[in-house]
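# Analysis of the macromolecular model
What follows is the residue order along each chain.
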Amino acid sequence: MFILLLLCIGAFLLGSIPFGRIVGYFAGHIDIRKSGSGNIGATNVARQLGMGWGLLTLALDMFKGFAPVSGADQLVSGNAAVYSGIVVGLAALLGHQFSVFQRFAGGKGVATALGVFLALSPFACLIGLGIFALLVLKWRYISLGSLGATLSMPIILYLQGFSLPVVLGAVIGAAFIFLRHHQNIQRLIHGHEPKWGQNVSGKLL
């Protein structure tokens, strides 16, 4: 349990690193929090600095979720091994959303959660990416694709036969992501959410 506690602390601190902000500073000498939507995630970075920098931010944010879960799989044994991955993954997700380096502000957590699920179940991650792609191609809303993929994860893990703690952890993670998307959800309902490719100004994402 002590190892699991250390892993959770390390995962939270790793998750707290605002890679989008760092990329924005070095790639464009901008504070990404004050540009476009104000979000530090890959979508806003891509809109402000280009797809390449957005993909780099995506990869780095995924790493924040993938590395701790992979570490837990290698280091934790016994009864705790059943749920260690999802617990450590949640710590990384919460670190991203409530960064200690940003006065407990942060991003929405989709990319970090993607890294978590990639480590837990590549198959579930692949299905989630497919759902994301289909929704974005159909309606061109990044937020809608992200929410659809997020919602699918607990269901897919359950159908794969993962233990109840893992499925419940995925539900908790999805709930936090949905909460961080509450403004997007309101804009989707009222038809004000910008589509991918639109020029946006102000805090729209």
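Quick note: structure is the one above.
Structural notes, computed from the coordinates. All figures in this text were calculated on a predicted structure; none of them were measured in a lab.

### Looking at the environment of Asp 31
Relative to the helices and strands, Asp 31 is located in the loop between α2 (19-28) and α3 (42-49). Separated by 22 residues in the primary sequence, Asp 31 and Trp 53 have C-alpha atoms spaced 14 Å apart. Polar contacts involving the side chain of Asp 31 include one to the side chain of Arg 33, which spans 2.7 Å.

### Remarks on unusual backbone geometry
Within the chain, Arg 103 stands out as a residue other than glycine whose phi angle is a positive 55 degrees. Residue classification places Arg 103 among the exposed positions, given a relative accessible area of 80%. Of note, Phe 104 is a non-glycine position whose phi angle comes to about 65 degrees, a positive value. Within the element layout of this structure, Phe 104 appears in the loop between α5 (81-97) and α6 (110-120).

### Here's the deal with the packing of aromatic side chains
Aromatic ring pairs are described here by two measures, namely the spacing of the ring centres and the angle between the planes. Evaluation of the coordinates by the stated rule reveals one aromatic pair. Judged by centre distance (5.2 Å) and plane angle (85 degrees), the rings of Tyr 25 and Phe 26 are edge-to-face. This pair shows no difference in class: Tyr 25 is exposed, exactly as Phe 26 is.

### Regarding the pattern of salt bridges
Per the stated rule, a full pass over the model turns up three salt bridges. Here Asp 61 ties to Lys 64 by a salt bridge, and the two come within 3.4 Å at their closest N and O atoms. Of this pair, Asp 61 and Lys 64 both sit in helix α4 (residues 51-75), separated by three residues, roughly a single helical turn. By relative accessible area, which is 0% here, Lys 64 ends up buried. Salt-bridge contacts for Glu 193 lead to Arg 187; the nearest nitrogen and oxygen are separated by 2.8 Å. The buried category is assigned to Arg 187, whose relative accessible area is 13%.

Conventions and cut-offs
Residues numbered from 1 in each chain as written. Predicted model: local features only at pLDDT ≥ 70, side-chain atom pairs only at ≥ 80, totals over all residues. Heavy atoms only, no water. Helix = DSSP H or I, 4+ residues; strand = E, 2+ residues; numbered from the N terminus. Polar contact = N/O pair within 3.5 Å; in protein donor to acceptor, adjacent residues only side chain to side chain. Buried < 20%, exposed > 50% of the residue type's maximum accessible area, 1.4 Å probe, protein only. Phe/Tyr/Trp six-rings, centres within 6.5 Å; stacked < 30°, edge-to-face > 60°. Salt bridge = Lys/Arg side-chain N within 4 Å of Asp/Glu carboxyl O.

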